[in-house]
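An overview of the molecular structure
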Amino acid sequence: MSLRAFHIVFIIASILLATLTTVWGVAMFASERGNTGHLLFAVGSLCSAVLMAVYGLKFVRKTRELGIE
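A short tour of the structure in this document, coming up. Computed from a predicted structure; not experimentally measured.

Quick look at the overall build of the chain now. Tallying secondary structure elements over the chain gives two helices and zero strands in all. For the chain, whose C-alpha radius of gyration is 16 Å, the value lies well above the compact-globule estimate of 11 Å for 69 residues. Along the three orthogonal principal directions, the C-alpha set of the chain runs to about 50 × 20 × 10 Å. Expressed as a percentage of the 69 residues in the chain, the buried residues total 20%. Once local pairs closer than 6 in sequence are excluded, the contacts in the chain between residues at least 24 apart make up 62%. Surface accessibility of the chain: about 5,200 Å² in total, with carbon and sulfur atoms responsible for 74%.

Moving on: helix 1 (residues 3–30). Here helix 1 spans 41 Å end to end across 28 residues, near enough to the 40 Å set by a 1.5 Å rise per residue. Buried residues of helix 1: Arg 4, Ile 11, Ala 18, Thr 22, Gly 25 and Met 28, and no others. Against helix 2 (36–66) lie the buried residues of helix 1.

Once that is clear, we can look at the packing of helix 1 against helix 2. Axis separation between helix 1 and helix 2 bottoms out at 8 Å; the angle between their running directions is 160°. The angle between helix 1 and helix 2 falls in the class roughly antiparallel. Here the hand of the crossing between helix 1 and helix 2 comes out left-handed. Broken down by class, the residue content of the contact of helix 1 with helix 2 amounts to 18 nonpolar, eleven polar and two charged.

On to a nonpolar patch on the surface. A surface patch of nonpolar side chains, amounting to about 630 Å² of accessible area, comprises Met 1, Leu 3, Phe 6, Val 9 and Phe 10. Inspection of the secondary structure assignment puts Phe 10 in helix 1.

By the definition in use, this model includes one salt bridge. Glu 65 is paired through a salt bridge with Lys 62; the nearest N and O atoms lie 3.6 Å apart. Here the residue Glu 65 and the residue Lys 62 both occupy positions in helix 2, the gap between them amounting to three residues, near one helical turn. Classification of Glu 65 by relative accessible area gives exposed; the value is 61%. Classification of Lys 62 by relative accessible area gives partly exposed; the value is 45%.

Conventions adopted
- Residues numbered from 1 in each chain as written.
- Predicted model: local features only at pLDDT ≥ 70, side-chain atom pairs only at ≥ 80, totals over all residues.
- Heavy atoms only, no water.
- Helix = DSSP H or I, 4+ residues; strand = E, 2+ residues; numbered from the N terminus.
- Rg over C-alpha atoms; globule rule 2.2 N^0.38 Å.
- Buried < 20%, exposed > 50% of the residue type's maximum accessible area, 1.4 Å probe, protein only.
- Contact = heavy atoms within 4.5 Å.
- Areas by Shrake-Rupley, 256 points an atom, 1.4 Å probe, with all protein chains shown as cover.
- Expected span 1.5 Å × (residues − 1).
- Axes fitted to C-alpha atoms, helices over the stretch in contact; angles between N-to-C directions.
- Parallel < 35°, antiparallel > 145°, perpendicular 65-115°, else oblique.
- Left-handed = near helix turned anticlockwise from the far one by under 90°.
- Nonpolar A, V, L, I, M, F, W, Y, C, P; charged D, E, K, R; others polar.
- Patch = residues over 30% accessible without salt bridge, like charges linked within 9 Å, V, L, I, M, F, W, Y side chains within 5 Å.
- Salt bridge = Lys/Arg side-chain N within 4 Å of Asp/Glu carboxyl O.

The following block contains the structure:
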């Protein structure tokens, strides 16, 4: 596995983890023990997932442009 492929797999795993923590934060906020901190945590996780997705797309485009496969 090339370094590029490993990097892409790691980015995808990070996006999935951030998405799952977003779901967890929303579920905790919706429960009877939930508070504003859970909602803020979910929003931060969602922002992280979106930013990592943007980074992943830019990384793939840039490595293709450079001819790194």
